[in-house]
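Single-letter residue listing:
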Amino acid sequence: MDFTQTMLLTFKVSLITTFLLLLISIPIAYFLAFSKSKITPFLETIVSMPLVLPPSVLGFYLLVLFSPQNVFGKFLLDTFNLKLVFSFEGLIVASILFTLPFMVNPIQTGFSSIPKSLYEAALSLGKNRLEILYRVLLPNMKNSILIGIVVSFAHTIGEFGVVMMIGGNIAGETRLASIAIYDEVEALNYALAHRYALSLFIITFCILLLTFYLNKKHTR
């Protein structure tokens, strides 16, 4: 029962994180791809920091920031009754921040690869920027969006450092499969650790295989 509960929670976190990331990343990637603002390199750096930053560093600062003893954490708790430390909601927020570049970067690349002539032609036909985004640009970069979704989902499944720091290890609420593997190894319960690890390996392998297959089929 604990195995099933942990796996379902892991997929729940990954699905919610991936869905929210897609909504958040499209406007961010659009801005980074087309903006000529001087702050664009700064924003790109901020978005890409989780790629090089140790997960424990990001997890630590999120833990400090969201703690009820901190001004921001206290504000969230008092105003919205929202506790982000050692909670499911905290896992989602931490996962979004840590996985953000895995969704933004492929979509940004997709935007940048679309010929400017296509964008300019849509403008000349009287389309506004929102119509161009959803009717012209996004349909022509399905592969980039698919890559962002798959990589973000797979990355979220395998998170450990950040989710451990911000979520802790509460069964049924914040105990994800990656944390369960660590716990079972610590307890020398290698059989159950293998069960978790093999399940994640098979699932992520199948997802990636399907993605590459569809990608190849689409480009033929």
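Because the structure is a prediction, the values reported are computed rather than measured. (Residues numbered from 1 in each chain as written. Predicted model: local features only at pLDDT ≥ 70, side-chain atom pairs only at ≥ 80, totals over all residues. Heavy atoms only, no water.)

1. Points about the UniProt feature "transmembrane region" (unreviewed entry) in the protein chain
Under the convention used in this document: UniProt positions are given in the numbering used here, feature names are shortened, and annotations may be inferred rather than shown by experiment. Only DSSP runs of H or I with at least four residues qualify as helices, and only runs of E with at least two residues qualify as strands; both kinds are numbered from the N terminus onward.
The UniProt entry lists residues 13-34, 46-64, 84-104, 145-166 and 196-214 under the feature "transmembrane region" (unreviewed entry), expressed in the numbering used here. A helix fraction of 81% and a strand fraction of 0% characterise residues 84-104, whose end C-alpha atoms lie 24 Å from each other. Secondary structure within residues 196-214 divides into 100% helix and 0% strand; the distance between the first and last C-alpha atoms comes to 27 Å.

2. What about the pattern of salt bridges?
Rules: Here a salt bridge means any side-chain nitrogen of Lys or Arg lying within 4 Å of a carboxyl oxygen belonging to Asp or Glu. Think of it in three bands: residues with accessible area under 20% of the maximum for their type are buried, residues over 50% are exposed, and the middle band is partly exposed, with areas taken using a 1.4 Å probe on protein chains only.
Across all of its chains, the model carries 5 salt bridges by this definition. In this structure, Arg-175 engages Asp-183 in a salt bridge whose closest nitrogen and oxygen atoms are separated by 3.4 Å. Residues Glu-184 and Arg-175 are paired through a salt bridge, measuring 3.3 Å at the closest nitrogen-oxygen approach. Each member of the pair Glu-184 and Arg-175 is classed as buried.

3. Brief notes about a nonpolar patch on the surface
Our working rule: Patch definition: residues above 30% relative accessible area lacking any salt bridge, with like charges linked at up to 9 Å and the nonpolar side chains Val, Leu, Ile, Met, Phe, Trp and Tyr linked at up to 5 Å. Per-residue accessibility takes into account occlusion by the displayed protein chains alone, with areas from the Shrake-Rupley method and a 1.4 Å probe.
A cluster of nonpolar side chains, namely Leu-198, Phe-201, Ile-202, Phe-205 and Leu-209, defines an oily patch on the protein surface of about 510 Å² accessible area. Tracing the backbone shows Leu-209 in helix α11 (residues 190-219). Judged by relative accessible area, Leu-209 falls into the exposed class, the value being 51%.

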